Amino acid sequence: MNKQTIVLASGSKYRQALLQKLGLPFVAHSPDIDESAKENEPPADLVKRLSLEKAQACRDAHPGSIIIGSDQVCVIDGKILGKPHTEAKAIEQLMAASGKHVTFYTGLTLLNADSGKAQTDLEPFHVHFRELSKEEITRYVQREQPLDCAGSFKCESLGIALFDKLEGRDPNTLVGLPLIRLCEMLRQEGIEVL
Ligand SMILES: C[n+]1cn([C@@H]2O[C@H](COP(=O)(O)OP(=O)(O)OP(=O)(O)O)[C@@H](O)[C@H]2O)c2nc(N)[nH]c(=O)c21
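Residues numbered from 1 in each chain as written. Predicted model: local features only at pLDDT ≥ 70, side-chain atom pairs only at ≥ 80, totals over all residues. Heavy atoms only, no water.

- The name given to the protein in an unreviewed UniProt entry is 7-methyl-GTP pyrophosphatase, with Grimontia indica as the source organism.
- Under Cofactor (unreviewed entry), UniProt gives the following word-for-word description of the protein: "a divalent metal cation".
- Regarding the protein, the UniProt comment filed under Subcellular location (unreviewed entry) reads as follows: "Cytoplasm". (UniProt positions renumbered as here; feature names shortened; annotations may be inferred.)

1. Digging into the overall build of the protein
Here is step 1: Secondary structure summary: the protein contains six helices and seven strands in total.
Here is step 2: Along the protein, from the amino end to the carboxyl end, the secondary structure elements read β-α-β-α-β-β-α-β-β-α-β-α-α.
Here is step 3: The C-alpha radius of gyration of the protein comes to 17 Å, within 12% of the 16 Å expected for a compact globule of 194 residues.
Here is step 4: Seen through its principal axes, the protein has C-alpha atoms that stretch 50 × 40 × 25 Å. (Helix = DSSP H or I, 4+ residues; strand = E, 2+ residues; numbered from the N terminus. Rg over C-alpha atoms; globule rule 2.2 N^0.38 Å.)

2. Some thoughts on the layout of surface pockets
Here is step 1: Taken as a whole, the largest pocket spans an internal volume of roughly 660 Å³.
Here is step 2: Lining of the largest pocket is provided by 32 residues; of these, S12, R15, K83, D148 and A150 occupy positions nearest its centre.
Here is step 3: At the level of elements, helix 1 (13-20), helix 2 (43-57), strand 3 (66-76), strand 4 (79-81) and helix 5 (171-175) are the ones that each hand at least two residues to the lining of the largest pocket.
Here is step 4: Here the lining of the largest pocket gets four residues from one element, more than from any other, and that element is strand 3.
Here is step 5: Taken together, the residues of the lining of the largest pocket break down into 14 nonpolar, nine polar and nine charged. (1 Å grid on protein atoms, 1.4 Å probe; cavity = no way out; pocket = protein on both sides within 12 Å on 5 of 7 lines; lining within 4 Å. Points joined across faces, edges and corners; volume = space filled by probe spheres on them. Nonpolar A, V, L, I, M, F, W, Y, C, P; charged D, E, K, R; others polar.)

3. A closer look at the site of the ligand
Here is step 1: The local shell around the ligand holds 20 residues, among which S10, G11, K54, K83 and E156 are the closest.
Here is step 2: Contacts to the ligand include G11, whose backbone N or O atom sits 2.7 Å from an oxygen atom.
Here is step 3: Residue E35 places a side-chain N or O atom 3.1 Å away from an oxygen atom belonging to the ligand.
Here is step 4: In isolation the ligand exposes 650 Å². Once the protein is present, 95% of that is buried.
Here is step 5: Comparing atom positions with the cavity grids shows the ligand to sit within the largest pocket.
Here is step 6: Residue assignment for the shell around the ligand shows that the elements contributing at least two residues are helix 1, strand 3 and helix 5.
Here is step 7: Looking at the shell around the ligand, its residues break down into seven nonpolar, five polar and eight charged. (Near = heavy atom within 4 Å. Polar contact = N/O pair within 3.5 Å; in protein donor to acceptor, adjacent residues only side chain to side chain. Areas by Shrake-Rupley, 256 points an atom, 1.4 Å probe, with all protein chains shown as cover. Sits in = over half its atoms within 2 Å of the grid points.)

4. Quick notes on the UniProt feature "active site" (unreviewed entry) in the protein
Here is step 1: UniProt marks D71 with the feature "active site" (unreviewed entry), using the numbering shown here.
Here is step 2: By the element assignment, D71 lies in strand 3.
Here is step 3: Residues within four places of D71 in sequence aside, it is in contact with R15, E35, V47, L50, S51, K54, Y105, T106 and G107.
Here is step 4: Polar contacts involving the side chain of D71 include one to the side chain of K54, which spans 2.8 Å. (Contact = heavy atoms within 4.5 Å.)

5. Brief notes about the pattern of salt bridges
Here is step 1: Counting across every chain of the model gives 13 salt bridges.
Here is step 2: Across the pair E189 and K117 runs a salt bridge, and its minimum N-O distance is 3.5 Å. With E189 in the segment after helix 6 (179-188) and K117 in the loop between strand 5 (101-112) and strand 6 (118-129), the pair connects residues that are 72 residues apart, well separated along the chain.
Here is step 3: Exposure remark for K117: the relative accessible area of 41% places this residue in the partly exposed category.
Here is step 4: One continuous salt-bridge network, built from bridges that share partners, spans D121, E123, R169, R181 and E184. (Salt bridge = Lys/Arg side-chain N within 4 Å of Asp/Glu carboxyl O. Buried < 20%, exposed > 50% of the residue type's maximum accessible area, 1.4 Å probe, protein only.)

Laid out in structure tokens, this is it:
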């Protein structure tokens, strides 16, 4: 039985729901960090850095804990995209994604608050969007309201109607938290999920 408190360094209700699947007790702490990219920072480096910074931002408040941080972006036409926040932006993101193959980059960090030892990794996920009309996109955004989701969709619900193909190691990664990789990191820390 694990005695260390597990902290999810996230305010995302989707990440909280994903972590609940593992059945481990945890507390959620929303980290306050600057999520902007550095000049010319590749998306893979950005999400790994932010996953680590989110975990580190919760370290002082939770001594003795194991902290999980994660961050996700996608890249369309060379632009790094995060959450749309407005319907207009969500429609714009999906119009740009129509007919394209888009890579989602998800960074994951497991930080031991006492030792400061961190495991950080990147989990890519590939989304092939079908050709979408503006009317379809508008109806989708109005019905699903994916305004707090990177890439402007919820793949676990109506968003599935936007795609040709999904490719990746773990479907949880696209929703926001790579659970297979997280289980590996937890085992490395001596925490067994099963
Ligand atoms: C593609 N996609 C992305 N997201 C969410 O988009 C957000 C990515 O944005 P983020 O990585 O910056 O995290 P956020 O600021 O929400 O939370 P933080 O951990 O406190 O920093 C996360 O909340 C993901 O869960 C998604 N959420 C759902 N439910 N379904 C999806 O398909 C999906």
